[in-house]
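Below, each chain spelled out in residue letters.
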Amino acid sequence: MKISLQEVEYVAGLARLKLSEEEKELFTGQLNTILQYMDKLNELDTADVEPTFHVVPHVNAFREDEPQRSMEREEVMANAPSRKGDFFRVPRIL
Amino acid sequence: MEVLTLSAHELYERFRRKDLSPVEVAEVYLKRIEEVEGRVGAYLTVDPEGALRQAREAEQRWRNGDGAPLTGVPLAIKDNICTKGLRTTCASRILYNFVPPYDATVIKRLKEQGAVILGKTNMDEFAMGSSTENSSFQLTKNPWGVERTPGGSSGGSAAAVAARECVAALGSDTGGSIRQPAAFCGVVGMKPTYGRVSRYGLVAFASSLDQIGPITRDVEDCALLLEAISGHDPCDSTSAPMPKEDFRACLGEGIEGLRLGVPQEFFIEGMDPEVEASIWEAIRVLEGLGARVEEISLPHTDYAVATYYIICTAEASSNLARYDGVKYGLREGEGDLREMYLETRSRGFGPEVKRRIMLGTYVLSAGYYDAYYRKASQVRTLIREDFDGAFDRCEVIVTPTSPTPAFGLGEKVHDPLQMYLSDIFTISVNLAGVPALSIPCGFSGDGLPIGLQLIGKPFDEATLLRVAHAFQQETDYHLRSPENLTRGGP
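About the criteria used
- Residues numbered from 1 in each chain as written.
- Chains lettered and ligands numbered in written order.
- Predicted model: local features only at pLDDT ≥ 70, side-chain atom pairs only at ≥ 80, totals over all residues.
- Contact = placed C-beta atoms within 7 Å.
- Helix = DSSP H or I, 4+ residues; strand = E, 2+ residues; numbered from the N terminus.
- Nonpolar A, V, L, I, M, F, W, Y, C, P; charged D, E, K, R; others polar.
- Pairing = 2+ DSSP bridges.
- Axes fitted to C-alpha atoms, helices over the stretch in contact; angles between N-to-C directions.
- Parallel < 35°, antiparallel > 145°, perpendicular 65-115°, else oblique.
- Domains from an automatic or database assignment.

Caption draft 1: Here's a closer look at the interface of chain A and chain B. With 43 residues of chain A in contact, the opposing surface of chain B contributes 54 residues. Broken down by secondary-structure element, the contributors of at least two residues to the side of chain A that touches chain B are helix H1 (5-14), helix H2 (21-38) and helix H3 (73-77) of chain A. Among the elements that make up the side of chain A that touches chain B, the one with the highest residue count is H2 of chain A (seven residues). The class makeup of the residues in the side of chain A that touches chain B is 28 nonpolar, seven polar and eight charged.

Caption draft 2: View of the sheet that holds strand E6 (residues 211-216) of chain B. Residue and element names in this part refer to chain B. Pairing is mixed in the open sheet, where eleven strands are placed in the order E1-E3-E2-E4-E6-E5-E10-E11-E9-E7-E8. In this open sheet, the two strands that pair with only one neighbour each are strand E1 (43-46) and strand E8 (292-296). Direction aside, the axes of adjacent strands within the sheet are offset by 30 degrees on average. Relative to strand E3 (residues 116-121), strand E2 (residues 74-78) runs parallel, the two sharing five bridges. Looking at E3, one finds that Pro74 is bridged to Val116. Set on the sheet, helix H7 (residues 219-229) makes contact with strand E4 (168-173), strand E5 (188-191), E6 and strand E10 (436-443); between it and E6 the angle comes to about 150 degrees.

Caption draft 3: Structural detail: the packing of helix H8 (residues 273-288) of chain B against helix H15 (residues 461-474) of chain B. Residues and elements named next belong to chain B. In the contact formed by H8 and H15, the axes pass within 10 Å of each other and the chain directions differ by 95 degrees. With respect to their mutual orientation, H8 and H15 come out roughly perpendicular. Along the contact surface, H8 presents Ala282, Val285 and Leu286, while H15 presents Val467, Phe471 and Glu474.

Caption draft 4: View of the domain arrangement of chain B. All names here are of chain B. For chain B, the assigned domains read domain 1 (2-258 + 469-479) and domain 2 (302-378). Between the C-alpha centres of domain 1 and domain 2 there is a distance of 28 Å. Opposite the 21 residues of domain 1 that make contact, domain 2 presents 18 residues. Its residues assigned to classes, the side of domain 1 that touches domain 2 comprises ten nonpolar, nine polar and two charged.

Written out as structure tokens, the structure reads:
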């Protein structure tokens, strides 16, 4: 076993996912199969290999600090599931 | 109807000579969609009103003598590319009602040319899948055999092009999501070099792998569309500062003396014999045109699937953390904030998306980061170096796009690992960031299309297009089209 049902529950909590009992069992089985397959990578000695996180050389992309027009407020707010005036409304947090 | 047979570059000629009008053409396509959509299911949203408005504007441009290559050409757009004012769902319940307040850079560029956007196409939810069966809303069927999948994740775009429900389309490719459905549907699909096309406005799945690209009927249209959408964009810090290129200029130059690399690792056990025969036949056609064939090696090919599914899920788990029910999309749950997050995400995401978020969260979590994510990133270096080495010996690498023709609906959907393994020939290209395209190169005994993949050096799409174009001058696979799609067909 690479990953236990308890670990699946823990990871789901980190990812803010609520899984049903059936989903927990299903994912435990499927993630084990997939993680076992990934063990394949351990056949390779990568001790001296630099990792690639990005294929293009990373440089900062700067621009002049000039004010630009932003999106229309009403068009942005139109997608809000719940709003109060120009604010997004959310459940109490304090 | 004759209009439906015209490619984008042929339409351009008709528009220029005033033999056809953009409004006429848009109407033909809207009618076609009505007739065949019930059998194909390529579109999530069709926008007749918007399309006709754009067509009228295009008509005015042609009347003013101001036509560009795509002015009045009806296109379909994958539903993970933001279109201002037109619903963009990613085929996910969590974005079921999202109307973007802005256009993706590629859409802005198409609109500047006066292209007509017919609608938004179906896909695997958040582009996660290889059959379009992971859409939260509907199945798309392969126009060449309606019990088959169109491939994925850009299955709606590829099916729409094959079924002549649009002239050409845009897709996105993270691990083969343009090339594999293009192969399954018998059309041309290109994943450009990472950085060639701006990702601004593409809903992020795996940011170091995602690229937008064209899905078209022939290679000239592919060049035309790539030209239209490529180029540096200040809104995407990973877009490459490359000058605009004329990708059509090199078409027709021939391929005499060009070196084609055939990687031994791609001719594996389990490959469909009809696919293998078609690929060798295609290689012989290219040899006949003066290309030289070299056997090459990409020794880490066998590790690409494992590497890819660690990196893409890790990036996805981070990218998809933004879906919290606060600013747009679905919101569920009574009670406190945590409850809202949990309910929104659990009801909004489908099973494959949850699986990948889980896997990605796990491989990035404390204690496992080095064993999985870092390890995969190191193997990614080895895979990149494989390509660097191979391109010392050849200009273009030739492989099958997929080990089999289109598989059946429902065949792999319950076995995630089998589904992942169907991407085996396409994903190393994304890990290395190089460009690749798939072109039709034959048909199976069952009449299903087979795709040839051409892989090029970084930013050398021109050579890929030149080889693919030379191949299409010698063959007619790209001219065939599926029959019996209109109502009343068998």
